[in-house]
Amino acid sequence: MSKTFDVAVVGATGAVGETMLSILAERTFPVGKVYAVASERSAGKRVEFGTRQLVVQDLATFDFSTVQIGLFSPGGSVSRIYAPKAAAAGCVVIDNTSEFRYDDDKPLVIPEVNAHAIAQYKSTGIIANPNCSTIQMLVALKPLHDAFRITRINVCTYQAVSGTGKEAIEELGRQTARLLNGLDVSCEVYPKQIAFNALPHIDTFQDNGYTKEEMKMVWETHKIMEDDTIRVNPTCVRVPVFHGHSEAVHIETERPISADEARILLEASEGIVVMDTRVDGGYPTAQTEAAGMDPVFVGRIREDISTENGLNLWVVSDNLRKGAALNSVQIAECLIKDHLGA
């Protein structure tokens, strides 16, 4: 009988936590016992795990020595307190918040890109999961970087409201219904109306005029690709889509790259589905392809007519799955395969 691992999903009542539980149940993950863990106010509630119902346990009193792996997505301030406690109890934490991403002693991992970095977990017991927009972009760019070396990335993201959480999903639904019925709307989650609109503002503004979401893409690209010389210029936009982020990615490479060469590399790469026929609808979109699916979809592959050694891509993925929960589970799969001895 193969070895199994007991897992705690922390933040189990949130959108990402629920998706983590769903993915654990779907995949051939060698899971033993699964615990749903959340704040005291959620303790006692029930959440789905496959065909079973799990009773949510209180994070403040949960004994992390009873599990080998903790999948965390409770919010950065909560992870700051409880992830080190869990790691000290012998639980390897895979944290989906931004709390540990930029710590030099904690690996920041996308399995298709830098699975080798997982080995660094032993110093702290914590592995960081990157930002959703960074994950899908770098899954698509890693094979191109390996072959042609990317020197510059210019990216515009079009990000679904589920990236903010359940309250944002509800706000978009509520605003849409009211506007379609000729009623006024209120804004509680976002500073401006999100229904039928686009907000060039995700996370807090920084001193340089970029938002933190945009700077995350810069910082994380450098750390994950292990190359601080890559120039990254991001603009992150929230759009009225429930699930699935889209990105217009423009890259410049050290040596010439053709669309045909890029297409061949991408089609042969793990975790990528190329959908790139030059006909109406011959490209992926967040709703019709990405939502509810695991791969990163790439289309609109074409050479940049404005610069030498340039290439343009359209990249979409489900932000709750590959952009968060699935990537965390894939890290756990690599962890048990290469380090914990499944």
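Refer to the structure presented above.
Residues numbered from 1 in each chain as written. Predicted model: local features only at pLDDT ≥ 70, side-chain atom pairs only at ≥ 80, totals over all residues. Heavy atoms only, no water.

K.L.:
Even after reading the chapter, I still don't get the pattern of salt bridges, so can you show me in this structure?
P.N.:
In a structure, side chains of opposite charge can pair up when their charged atoms sit close to one another. Tallied over the entire structure, the rule returns 20 salt bridges. Linking Lys106 and Asp105 is a salt bridge whose minimum nitrogen-to-oxygen distance equals 3.2 Å. Note on Lys106: relative accessible area 10%, which makes it buried. Measuring nitrogen to oxygen at the nearest pair gives 2.8 Å for the salt bridge that ties Glu112 to Lys322. Here Glu112 is found in helix 3 (residues 111–114), whereas its partner Lys322 is found in helix 9 (residues 321–338), with 210 residues between them in sequence. In this structure Glu112 comes out as buried when scored by relative accessible area, which is 18%. Beyond isolated ion pairs, a larger network of salt bridges with shared partners links Glu26, Arg27, Asp294, Arg321 and Glu333. (Salt bridge = Lys/Arg side-chain N within 4 Å of Asp/Glu carboxyl O. Buried < 20%, exposed > 50% of the residue type's maximum accessible area, 1.4 Å probe, protein only. Helix = DSSP H or I, 4+ residues; strand = E, 2+ residues; numbered from the N terminus.)

K.L.:
In this structure, what is going on with helix 9? I would like to understand it.
P.N.:
Note that an α-helix has 3.6 residues per turn; residues three or four places apart therefore point the same way. Of all the bends in helix 9, the largest measures some 40° and sits at Asn327. The element helix 9 is largely enclosed, with a buried count of 15 among its 18 residues. (Bend = angle between axes of the 7 residues up to and from the residue.)

K.L.:
What is the right way to read unusual backbone geometry from this model?
P.N.:
Excluding glycine, residues mostly carry a negative phi; peptide bonds, for their part, are mostly trans. Although it is not a glycine, Phe196 sits at a positive phi angle of roughly 55°. Structurally, Phe196 can be placed in the loop between helix 5 (166–180) and helix 6 (212–225). Its identity is not glycine, yet Asp203 carries a phi of approximately 75°, on the positive side. In this structure, Asp203 sits in the loop between helix 5 and helix 6.

K.L.:
Got a minute to help me understand the sheet that holds strand 12 (residues 272–274) in this structure?
P.N.:
Strands in a sheet are paired, the pairing made by backbone hydrogen bonds, and the direction either parallel or antiparallel. With respect to topology, 6 strands assemble into an open sheet ordered 10-9-11-14-13-12, the strand pairing being mixed. At either margin of the open sheet sits one strand with a lone partner, and together these are strand 10 (231–238) and strand 12. Averaged over neighbouring strand pairs, the angle between their axes works out to 20° when direction is ignored. Sheet topology note: the strand 13 (residues 296–303)/strand 14 (residues 310–317) ladder contains 5 bridges and is antiparallel. Directly across from Phe297, in strand 14, lies its bridge partner Val316. (Pairing = 2+ DSSP bridges. Axes fitted to C-alpha atoms, helices over the stretch in contact; angles between N-to-C directions.)

K.L.:
It is not clear to me how the sheet that holds strand 5 (residues 57–58) should be interpreted in this structure. Could you clarify?
P.N.:
Here we have 6 strands laid out as an open sheet, ordered 5-2-1-6-7-8, and parallel in their pairing. Edge positions in the open sheet fall to strand 5 and strand 8 (126–128), since each of these has one partner strand only. In the sheet, strand 6 (residues 69–72) pairs with strand 7 (residues 92–95) via 4 bridges, with the strands oriented parallel. From the neighbouring strand, Leu71 faces strand 7, where its bridge partner is Ile94. Most of the contacts of helix 1 (residues 15–26) go to strand 1 (residues 5–10), to which it runs at about 155°, and overall it touches strand 1, strand 2 (31–38) and strand 6. (Contact = heavy atoms within 4.5 Å.)

K.L.:
Looking at this structure, how should I read the layout of surface pockets?
P.N.:
One simple way to see leftover space: roll a probe sized like a water molecule over the atoms. By volume, the second largest pocket amounts to about 160 Å³. As for the second largest pocket, its lining consists of Ala15, Glu18, Thr19, Lys166, His243, Gly292, Asp318, Leu320 and Arg321. For the lining of the second largest pocket, the leading source of residues is helix 1, giving 3 residues. Residues that form the lining of the second largest pocket fall into these classes: 2 nonpolar, 3 polar and 4 charged. (1 Å grid on protein atoms, 1.4 Å probe; cavity = no way out; pocket = protein on both sides within 12 Å on 5 of 7 lines; lining within 4 Å. Points joined across faces, edges and corners; volume = space filled by probe spheres on them. Nonpolar A, V, L, I, M, F, W, Y, C, P; charged D, E, K, R; others polar.)

K.L.:
Explanation requested: the packing of aromatic side chains in the structure shown.
P.N.:
What describes a pair of aromatic rings is the distance from one ring centre to the other and the angle between the planes of the rings. Enumeration according to the criterion identifies 5 aromatic pairs in this entry. Aromatic side chains Phe62 and Phe64 sit 4.9 Å apart centroid to centroid with 80° between the ring planes, which places their arrangement in the edge-to-face category. Of the two residues examined, Phe62 and Phe64, each falls in the buried class. Through a chain of ring-to-ring contacts, three or more aromatic side chains come together here, namely Tyr35, Phe62, Phe64 and Phe72. Positioned above the aromatic ring of Tyr82, the side-chain terminus of Lys85 is 5.1 Å from the ring centre. (Phe/Tyr/Trp six-rings, centres within 6.5 Å; stacked < 30°, edge-to-face > 60°. Lys NZ or Arg CZ within 6 Å of the ring centre and 35° of its normal.)

K.L.:
Even after reading the chapter, I still don't get the pairing of strand 14, so can you show me in this structure?
P.N.:
Moving residue by residue along a regular strand, the side chains alternate between the two faces of the sheet. Along strand 14, 7 of the 8 residues are buried, which leaves the element largely enclosed by surrounding structure. By the bridge criterion, 8 bridges tie strand 11 (residues 245–253) to strand 14 in an arrangement that is antiparallel. Following the sheet pairing, Glu252 is matched in strand 14 by Gly310. Linkage of strand 13 to strand 14, two consecutive antiparallel strands, is achieved through a turn of 6 residues, within which Asn309 is found at a positive phi near 55°.

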